[in-house]
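# Examining the three-dimensional arrangement
In case you want the letters, here they are:
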Amino acid sequence: MSKIKLFNKGDVILTNPENGYYGIAIVLSETEKTPESHPRCHIAITPLIFDYEIEFSDLILIDLKPLEFERKYSLNGNKEFYKKEIAIGVYTRRNKNNFKIIGNINPEIIYNGPLPFEPLYDLDIKCPLYGDTDEYLGRAAYNQWKNNK
């Protein structure tokens, strides 16, 4: 059995948000394994969606930014509301789905705000805890792209 590769700070990940489509995500930070958790990282999902497997040399670095979107909430029968969110989450560094790493950049050009590993509710960014990346990493970007077509 081969060892699962880890995501590293600055990795540019080619995602698969929907069959036949590709997206881009960036690893913004990393921590090592602790007795309490697997090694973790912050991953930013970008709004970029392609219908072909893009190469790093095709990317325009200024286009690499976290996706901002509005999430709809409906709580306890109250009137639904929308809240602006930034698509940055805390994941394990384990690349269990063998996503292709197409390059590495300085992630501070993508996002240089707070990156808490634990939920800090007094910050504008919450960095939800997701665990391992799933097969359709970047699904929010695909959904927004599809809705804006």
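A quick note: this is a predicted structure, and the numbers were derived from the prediction, not measured. (Residues numbered from 1 in each chain as written. Predicted model: local features only at pLDDT ≥ 70, side-chain atom pairs only at ≥ 80, totals over all residues. Heavy atoms only, no water.)

### A word on the environment of T92
Which entries qualify depends on this criterion: Secondary structure elements follow DSSP: runs of H or I of four or more residues count as helices, runs of E of two or more count as strands, with numbering from the N terminus. Contacts are assigned to residue pairs with any non-hydrogen atoms lying within 4.5 Å of each other.
Checked against the element boundaries, T92 lands in strand β6 (residues 88–92). Once the C-alpha coordinates of T92 and I24 are considered, the two residues, 68 residues apart in sequence, prove to be 18 Å apart. Not counting residues up to four positions away in its chain, the partners in contact with T92 are F7, H38, P39, R40, C41, G131 and D132.

### Some remarks on the confidence of the model for the protein chain
The cut-off we apply is this: Looking at any residue, its pLDDT shows the predictor's confidence there, from 0 to 100.
With 91% of its residues at a pLDDT of 70 or more, the protein chain shows a mean pLDDT of 86. Put simply, strand β8 (residues 129–131) is where the protein chain has its lowest mean pLDDT, 76, and strand β7 (residues 100–104) is where it has its highest, 97.

### Thoughts on the pattern of salt bridges
This is how the line gets drawn: One side-chain nitrogen of Lys or Arg within 4 Å of one carboxyl oxygen of Asp or Glu is enough to make a salt bridge. To sort residues, take the accessible area from a 1.4 Å probe on protein chains only and compare it with the maximum for the residue type: under 20% means buried, over 50% means exposed, and anything in between is partly exposed.
The tally for this structure, following the rule as stated, stands at seven salt bridges. In this structure, K84 engages E68 in a salt bridge whose closest nitrogen and oxygen atoms are separated by 2.9 Å. One end of the pair, K84, is in strand β5 (residues 81–86); the other, E68, is in strand β4 (residues 68–73), and 16 residues separate them in sequence. Overall, K84 belongs to the exposed group, its relative accessible area being 57%. As a salt-bridge pair, K96 and D132 come within 3.4 Å of each other at their nearest N and O atoms. Separated by 36 residues along the polypeptide, K96 in the loop between β6 and β7 and D132 in the loop between β8 and α1 (139–147) bring together distant segments of the chain.

### Considerations on the pairing of strand β3 (residues 40–50)
Note the following rule: A pair of strands is considered paired only if DSSP assigns at least 2 bridges between the two.
Across the eleven residues that make up β3, a large majority, ten, are buried. One ladder, built from five bridges, connects strand β2 (residues 21–27) with β3; its direction is antiparallel. The partner of I26 across the bridge, within β3, is A44. Two elements, β3 and β6, share five bridges in a ladder whose sense is antiparallel.

### Considerations on the packing of aromatic side chains
Rules: Here the aromatic set is Phe, Tyr and Trp, taking the six-membered ring for Trp, and pairing holds for ring centres within 6.5 Å; pairs whose planes are under 30 degrees apart are stacked, those over 60 apart are edge-to-face, and all others are tilted. In our convention, an over-ring charge means Lys NZ or Arg CZ found within 6 Å of a ring centre and within 35 degrees of that ring's normal.
Evaluated as defined, the whole model comprises four aromatic pairs. Ring centres of Y21 and W145 lie 5.3 Å apart, and the angle between their planes is 55°; on these two criteria the pair is classed as tilted. Of this pair, Y21 sits in strand β2 while W145 sits in helix α1, and the two are 124 residues apart along the sequence. Judged by its relative accessible area of 21%, Y21 is partly exposed. Taking 5.6 Å as the distance between ring centres and 65° as the angle between the ring planes, the aromatic pair formed by F50 and Y52 counts as edge-to-face. According to the relative accessible area criterion, F50 is buried, its value standing at 16%. Y52 gets classed as partly exposed once you look at its relative accessible area, which sits at 43%. Counting every residue linked through ring pairs, the aromatic cluster contains Y21, Y142 and W145. Against the face of Y136 rests R139, its NZ or CZ located 5.6 Å from the ring centre.

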